[in-house]
Amino acid sequence: MTRPLVIIGGYLTSPNDFSALAQALARPPFDFRVFVTPIGRLRWALTRDWDFRPVLRIVRETVAQALRETGAATVTILAHSVGGTVARMYLGDQPYKGEIYGGHRFVDHLIMLGTPHHSQEFWTRQTVGFTNRSYPGAYYRHIRYTSIIGRSIQANRKGRWIERMAYNSYVMIDGPAGAQAWGDGITTLRCAALAGAEYLVVPGLHHSPIHGRPWYGDPDGLREWQRVLMRSSPLVV
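Residues numbered from 1 in each chain as written. Predicted model: local features only at pLDDT ≥ 70, side-chain atom pairs only at ≥ 80, totals over all residues. Heavy atoms only, no water.

Undergrad: Before we move on, can you summarise the packing of aromatic side chains with the specific residues and values?
TA: On inspection of all chains with the given rule, the structure shows 7 aromatic pairs. Taking the centre distance of 5.3 Å and the plane angle of 50° together, the rings of tyrosine 96 and phenylalanine 130 count as tilted. Taken together, the residues span a long stretch of sequence, with tyrosine 96 in the loop between α4 (83-91) and β4 (107-113) and phenylalanine 130 in helix α5 (residues 125-134) at a distance of 34 residues. Accessibility assignment for this pair places tyrosine 96 and phenylalanine 130 in one class, buried. Ring pairing ties together the aromatic residues Tyr96, Phe130, Tyr135, Tyr139 and Tyr140, which thus form one cluster. The ring of phenylalanine 32 carries arginine 3 above its face, with NZ or CZ at 4.1 Å from the centroid. The positively charged end of arginine 151 is found above the aromatic ring belonging to tryptophan 182, 4.1 Å away from the centroid. (Phe/Tyr/Trp six-rings, centres within 6.5 Å; stacked < 30°, edge-to-face > 60°. Helix = DSSP H or I, 4+ residues; strand = E, 2+ residues; numbered from the N terminus. Buried < 20%, exposed > 50% of the residue type's maximum accessible area, 1.4 Å probe, protein only. Lys NZ or Arg CZ within 6 Å of the ring centre and 35° of its normal.)

Undergrad: So, the environment of arginine 43: which residues are in play, and what are the values?
TA: Looking at where arginine 43 falls in the secondary structure, it is placed in helix α2 (residues 41-46). Considered as a pair, arginine 43 and glycine 183 are 140 residues apart in the sequence and their alpha carbons are 27 Å apart. What arginine 43 contacts, discounting residues up to four positions off in sequence, is Pro54, Val55 and Ile58. (Contact = heavy atoms within 4.5 Å.)

Undergrad: Requested: an account of helix α6 (residues 161-174), with residues and values cited.
TA: Here α6 spans 19 Å end to end across 14 residues, near enough to the 20 Å set by a 1.5 Å rise per residue. Of the residues making up α6, those classed as buried are Ile162, Glu163, Ala166, Tyr167, Ser169, Tyr170, Ile173 and Asp174. The elements touched by buried residues of α6 are β6 (153-154), β7 (182-183) and α7 (189-192). Directly after α6, the chain includes glycine 175, whose backbone phi takes a positive value near 70°. (Expected span 1.5 Å × (residues − 1).)

Undergrad: I'd like to hear about the sheet that holds strand β2 (residues 32-36), residue by residue, with values.
TA: What holds strands together in a sheet is hydrogen bonding between their backbones, with the strands either parallel or antiparallel. Pairing within the open sheet is parallel, and its 6 strands lie in the order β2-β1-β3-β4-β5-β8. Strand pairing shows two members of the sheet lacking a second neighbour, β2 and β8 (198-203), which therefore form its edges. Across the sheet, the mean angle from the axis of one strand to that of its neighbour is 20°, orientation sign disregarded. Of the pairings in the sheet, the one linking strand β5 (residues 144-151) to β8 comprises 6 bridges and is parallel in character. (Pairing = 2+ DSSP bridges. Axes fitted to C-alpha atoms, helices over the stretch in contact; angles between N-to-C directions.)

Undergrad: How would you sum up the packing of helix α3 (residues 53-70) against α4? Please name residues and give values.
TA: It is at 10 Å that the axes of α3 and α4 come closest, and there the two elements cross at 70°. Taken as axis vectors, α3 and α4 run roughly perpendicular relative to one another. Contacts from Val55, Leu56, Val59, Arg60 and Val63 in α3 reach Val86, Met89 and Tyr90 in α4. Counted by class, the contact of α3 with α4 contains 7 nonpolar, no polar and 1 charged residues. (Parallel < 35°, antiparallel > 145°, perpendicular 65-115°, else oblique. Nonpolar A, V, L, I, M, F, W, Y, C, P; charged D, E, K, R; others polar.)

Remember that the coordinates give geometry; whether it matters functionally is a separate question.
Right under this line is the structure:
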């Protein structure tokens, strides 16, 4: 049976940003049937802390499509950046603004690429807080959780522009601890760790092409973390 995989992009990404990754995952040795959630940059730009339901509905519809078209019972979700928070919300049984998604019934593995699991950002603070209170850590024991983070840029308030940009992001999500932290350019190593989840740090991997190459979605980047996609090869952490 074809294995379905659903990609959820991160903030201000477009489905086209994941085309090369989707093509690579559809070929051997993976042979996934890949479905990219159709969440465009405008939809992300309109999404704010007070209501993530439009994005969650798209995820729910895409997972349902993947199951319907493949006949599988469960999917693998591959989520980039805040897409990992959206995925954790989708898994849950607690009402979010009156809606329950219950996606844990349809997911066997959640892989998160550069997802910050705590945040002080004004547009995600409430949402991340709700997720951590409702579903702390690797909450559903029948689901395999994997968190992947690149270690490519150290924050430096007076450094190169990319180091200054990392400083601003790291401090925004991690507070004072982010001032000299390492991460992928957006998320620190500490923010990417989720209690109970497998945790993989990949040297040289970047959050997006803006921050450097390779990034999570590049074929060269995929080679550095592809082992987490193998069913029989869970990480040893």
